[in-house]
Amino acid sequence: MAGENKTEDEQKQQNQNGTSFDLNDYTIIKEGDAEILMHAKNEVFYNKTQVNNRDMSIAVLRTFISQRKQEHDAMLARRTKAGNKVPDAKVENPGDSVQRNGESNDGSEVLEDASHGESCSIPEEQTKNLRGKGREELKPPRVLEALSASGLRALRYAREVEGISQVVALDNDKASVEACRRNIKFNGSVACSKVESHLADARVYMLTHPNEFDVVDLDPYGAPSVFLDSAVQSVADGGMLMCTATDMAVLCGGNGEVCYSKYGSYPLRGKYCHEMALRILLACIESHANRYKRYIVPVLSVQMDFYVRVFVRIYTSASDMKNTPLKLSYVYQCTGCDSFHLQTVGRTVSKNNSVRYLPGFGPSVPQECSDCGKKFNMGGPIWSAPIHDQEWVAAILANVKSMKECYPAYERISAVLTTVSEELPDIPLFLSLHNLCATLKCTSPSAVIFRSAVINAGYRISGTHVNPLGLKTDAPMDVIWDIMRCWVKNHPVKAQPSDQAGSVILAKEPVLQANFSRAVASLSKAQAKKVARFLPNPERHWGPKLRAGRQITSKHVSLLGPKALNAINNHENDDGSNHEDVEEPAAKRKKTEESDS
């Protein structure tokens, strides 16, 4: 235990500093450079599994501070080089550059054009935000952790990320604020000088502090939707919003009507549902930002463990905001086969030097699927522009590798970032090779063989960090099915009823003759070097723990595990309570013993 390293004198000193508590009543939890005191009664929520989330956030925050400094230096260099007149001219018409990029009627191309610049994807028209304020000096960033609980995240930000001036930790639970203030004092002078804890409703606090924070971190227990409207107003121009959603059952289609009420989008239950959850969250944040003439630029969006986490820059521009319909799409998912199609919400038409914004053309699909003849389900709208900035991803990954010892969850976050770095950035959603084969009732080709066939046909293909079996490709569905038809000709299947989707697909002759010879690019660089990309959970019963204040009983044995549950109850017995040790059911105990042997 980390607390064993403290001497009795140090423990007494903590009490002299104003923390009136007995360390024997608490468990000292150390994560990174921070230590927190946790009472065994589960009064304040602490989630061990979110170490991945916190490590990823610290890596992104370090990169953000570095890139923010580069952007400011680049802006000052341009002002010095161009003099006073040229910057003034640029400010007069800040939307010209984006409008020129907007000549394409493909939303993903617009964002891709706007994502290349001098420093990690932020072009000159976006650094105008700094120029417009006329600030010569770049002030150290202020961070708001809107839902702090024990304050562990805020303490790690303050102690581990250089360059932060202040971290404000909020919570509307009195016990959580008391615990956070106790932990701030317990972590010494650095934490005391940088971290503030307030008892406040996060929504009210953010609304009353507009444009004040360079970074706002939202990590609620459940849906973040109720905080988004105030969060997008609290972020400074060019700042970053970090947002987590843990209500995956809602976002992935378990309750479509609830998802629509919370996020304004209807989910579909395809294999790509976790990526769709990311894109629904991004579309929701963009919707809230647009109400205040703001828009988002995603730098990293990941699905890990039991949640989705997005990192977006927020900018203010009424002209750039007009491009939002180009970045949103509806999804048509066939009920019979694995085919899906996207239809953008808006489009642009260019004439001379002007750009007109028009509704998107539709419908993008017929009433019945052209591949299998079944009907379509329609979902969305979702964010169909890129969800990562590959330059940012490369910078974050480089930072993680260079400071390996600073990240407790290094193995996991480096694996996720490695996989993200190899994704095709401009391809929304993905296919499942096993689902394709399940539709046709055929044996599955290896991923290398299928990738090679797609590459040999002249298209791009990559994996996805969301699913080890997922494949992103720009090949249309008719090409995918032609490849599978050619595969089935070499690997025949049993006859199926003629009305099944697979039978209808196989009844057609392939137009494309697939070439299954091994392609050089069929393996990614990480695969070729045998770099781990998908790691197993570090321990059994890995996942979110009980909400704060819940009583821990025998029914939680499947959630916490019998050993952890017994340890908690033993601790409570030492305090004078009369809980009995919880026995694990015999059948479950037998299974556990067999798996451990």
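Residues numbered from 1 in each chain as written. Predicted model: local features only at pLDDT ≥ 70, side-chain atom pairs only at ≥ 80, totals over all residues. Heavy atoms only, no water.

Asker: Kindly report on the side chain of Asn-467, identifying the contributing residues and their values.
Answerer: Relative to the assigned elements, Asn-467 resides in the loop between strand 16 (461-462) and strand 17 (470-473). In contact with Asn-467, not counting residues within four places along its chain, are Lys-271, Phe-430 and Phe-534. (Helix = DSSP H or I, 4+ residues; strand = E, 2+ residues; numbered from the N terminus. Contact = heavy atoms within 4.5 Å.)

Asker: Explain the pattern of salt bridges to me, and be specific about the residues and the numbers.
Answerer: If you walk through the whole model with that rule in mind, you get 21 salt bridges. Connected through shared salt-bridge partners, Glu-31, Arg-54, Asp-55, Arg-156 and Glu-160 make up one network. (Salt bridge = Lys/Arg side-chain N within 4 Å of Asp/Glu carboxyl O.)

Asker: Account for the packing of aromatic side chains, with residues named and values stated.
Answerer: The full count for this structure, using the stated rule, is six aromatic pairs. Seen from their ring centres, Tyr-205 and Phe-213 are 6.4 Å apart, and the 40 degrees between their planes marks the pair as tilted. By relative accessible area, which is 14% here, Tyr-205 ends up buried. On the basis of relative accessibility, which here comes to 0%, the residue Phe-213 falls in the buried class. The positively charged end of Arg-347 is found above the aromatic ring belonging to Phe-361, 3.6 Å away from the centroid. (Phe/Tyr/Trp six-rings, centres within 6.5 Å; stacked < 30°, edge-to-face > 60°. Buried < 20%, exposed > 50% of the residue type's maximum accessible area, 1.4 Å probe, protein only. Lys NZ or Arg CZ within 6 Å of the ring centre and 35° of its normal.)

Asker: With reference to specific residues and values, describe the pairing of strand 2 (residues 34-39).
Answerer: Most of strand 2 sits out of view: six of its six residues are buried. Bridge count for strand 1 (residues 26-31) against strand 2 is six bridges, and the pairing is antiparallel. Considered in strand 2, the bridge of Ile-28 is made with Leu-37. The turn joining strand 1 and strand 2, which pair antiparallel and follow one another in sequence, is formed by two residues; a positive phi near 65 degrees is taken by Gly-32. (Pairing = 2+ DSSP bridges.)

Asker: Outline helix 11 (residues 225-234), listing residues and values.
Answerer: Among the ten residues of helix 11, eight are classified as buried, and the element is accordingly described as predominantly covered. Along helix 11, the residues classified as buried are Ser-225, Phe-227, Leu-228, Ser-230, Ala-231, Val-232, Gln-233 and Ser-234.

Asker: Before we move on, can you summarise the nonpolar core with the specific residues and values?
Answerer: Ranked by internal contacts, the top residues of the largest apolar core, which has 83 residues, are Leu-241, Ile-285 and Phe-450. By residue number, the principal contributor to this core is helix 14 (residues 273-290), which donates eleven residues. The residues contacting Leu-241, other than those within four sequence positions of it, are Val-216, Leu-218, Ala-231, Val-232, Val-235, Ile-285, Val-310, Phe-311, Val-312 and Ile-314. In this structure, Ile-29, Ile-58, Ala-59 and Ile-413 belong to the second largest nonpolar core, which totals 49 residues. (Core = buried A, V, L, I, M, F, W, Y, C linked by side-chain atoms within 4.5 Å.)

Asker: Lay out the state of the cysteines in plain terms, naming residues and giving numbers.
Answerer: Applying the stated criterion across every chain yields a total of zero disulfides. For the unlinked cysteine Cys-284, the closest cysteine sulfur is that of Cys-243, found at 8.4 Å. Unpaired in this structure, Cys-337 has its nearest cysteine sulfur neighbour in Cys-334, at a distance of 3.6 Å. (Disulfide = S-S within 2.5 Å.)

Asker: Talk me through the sheet that holds strand 4 (residues 166-171); I want residue IDs and the actual numbers.
Answerer: In space, the seven strands of this open sheet follow the order 5-4-3-6-7-9-8, with mixed pairing throughout. Every other strand in the sheet has two partners, leaving strand 5 (195-199) and strand 8 (294-304) as the edge strands with one partner each. Taken pair by pair, the neighbouring strands of this sheet meet at an average axis angle of 15 degrees, ignoring direction. Looking at chain direction, strand 3 (residues 142-145) and strand 4 are connected through four bridges and run parallel. Directly across from Val-143, in strand 4, lies its bridge partner Val-167. In the packing of helix 8 (residues 174-186) onto the sheet, contacts are made with strand 4 and strand 5, and the angle to strand 5 comes to roughly 165 degrees. (Axes fitted to C-alpha atoms, helices over the stretch in contact; angles between N-to-C directions.)

Asker: Summarise the environment of Ala-154; cite the residues concerned and give the values.
Answerer: Its location among the elements puts Ala-154 in helix 7 (residues 152-160). Measuring from C-alpha to C-alpha, the distance between Ala-154 and Val-167 comes to 6.2 Å, with 13 residues separating the pair along the chain. The contacts of Ala-154, once residues within four sequence positions are left out, are Glu-145, Val-167, Ala-169 and Val-195.

Asker: Describe the pairing of strand 6 (residues 213-218), and please don't skip the residues or the numbers.
Answerer: The buried count for strand 6 comes to six of six residues, which makes it a mostly enclosed element. Note: strand 3 against strand 6, three bridges, orientation parallel. Of the residues in strand 6, the one forming a bridge with Glu-145 is Asp-217.

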